[in-house]
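# Examining the three-dimensional arrangement
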Amino acid sequence: MKNVIPEKGNLLVSEPSVIGDDSFSRSVILLTEFNTEGVVGFILNKPLDCTLDQLIPDISLKLEVYQGGPVETDNLYFLHNIPDLIPESHLIEDGIYWGGDFHAVSDLLKQGVITGEEIKFFLGYSGWERSQLENELDSHSWVVVENTDSKHLLSDNMHDIWKKKMKNLGGAYELWSNAPENPSYN
């Protein structure tokens, strides 16, 4: 399958592999920035074993936190669909925004205005120099697909998005959708 040229708002779907990178194996990444400077995105389907209240004790909501990628894993990032409530938000596409004023987010969470359905948190991000990602695309590490899931990207039911994307790609990819992550389980 020939990769399309990626752009901000597209999804990167990791190619199936029996051996691979722990960070990116079976990952689906939303590209939040794609320009001559480089590429930034967040892994949508890798929840961590911690919740937001464990990272920020004065926020009592037990929201899932996801592994955004292997870069700056000690920093918290967020995607959301409420730019009218969060100043300095950056539009990605189709009603999905990246970042903004975290103090506003914190206050809104404490007041119960944000409940979790409209925001998703990540530790770290995925980043590449543009040529680095182009090399990975040329070596068939990723498939670029159009994002048709904007309405669902912030929900907690994205854990199986990689499997769904494999089915949607069809052909040999569909076979991988039911393969166990660890081949020794087969």
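For the structure, see preceding data.
Report follows, based on the coordinates. (Residues numbered from 1 in each chain as written. Predicted model: local features only at pLDDT ≥ 70, side-chain atom pairs only at ≥ 80, totals over all residues. Heavy atoms only, no water.)

This next bit is on the nonpolar core. Residues L30, L44 and L79 are the most contacted members of the largest nonpolar core, which totals 25 residues. It is helix α4 (residues 161-169) that contributes the most residues to this core, four residues altogether. Excluding its chain neighbours within four sequence positions, the residues that come into contact with L30 are G9, N10, L11, V40, G41, F42, L44, L79, I92, I96, N147 and L153. Counting residues in each nonpolar core, the second largest holds 16 residues, with V65, I82, V105 and I114 among its members. (Core = buried A, V, L, I, M, F, W, Y, C linked by side-chain atoms within 4.5 Å. Buried < 20%, exposed > 50% of the residue type's maximum accessible area, 1.4 Å probe, protein only. Helix = DSSP H or I, 4+ residues; strand = E, 2+ residues; numbered from the N terminus. Contact = heavy atoms within 4.5 Å.)

All right, on to the environment of P87 then. In this structure, P87 sits in the loop between β6 (71-80) and β7 (90-93). Sequence separation of P87 and G99 is twelve residues, and the distance between their C-alpha atoms is 9.0 Å. Those residues in contact with P87 that lie beyond four places of it in its chain are G100, D101 and A104.

This part takes up unusual backbone geometry. For R26, which is not a glycine, the phi torsion comes out positive at approximately 55°. When you line up the elements, R26 lands in the loop between β1 (11-14) and β2 (28-34). Even without being glycine, D94 reaches a positive phi, approximately 50°. Mapped onto the secondary structure, D94 falls in the loop between β7 and β8 (96-98).

Let's shift gears to α4. By the burial criterion, the buried members of α4 are I161, W162, K165, M166 and L169. Looking down the long axis of α4, one finds its buried residues gathered within 140° of arc, a one-sided arrangement. Once α4 ends, the next one or two residues include G170, with phi positive near 70°. (Arc of directions from axis to C-beta.)

Along any regular strand, the residues point their side chains to alternate faces of the sheet. The two faces of β1 match: L11 and V13 on one face and L12 and S14 on the other face are all buried. Pairing of β1 with β2 involves three bridges; the strand directions are antiparallel. In the strand pairing of β2, V13 is matched with V28. Pairing of β1 with strand β10 (residues 142-145), which is carried by four bridges, proceeds in the antiparallel orientation. Bridge assignment links S14 to a residue of β10, and that residue is W142. (Pairing = 2+ DSSP bridges.)

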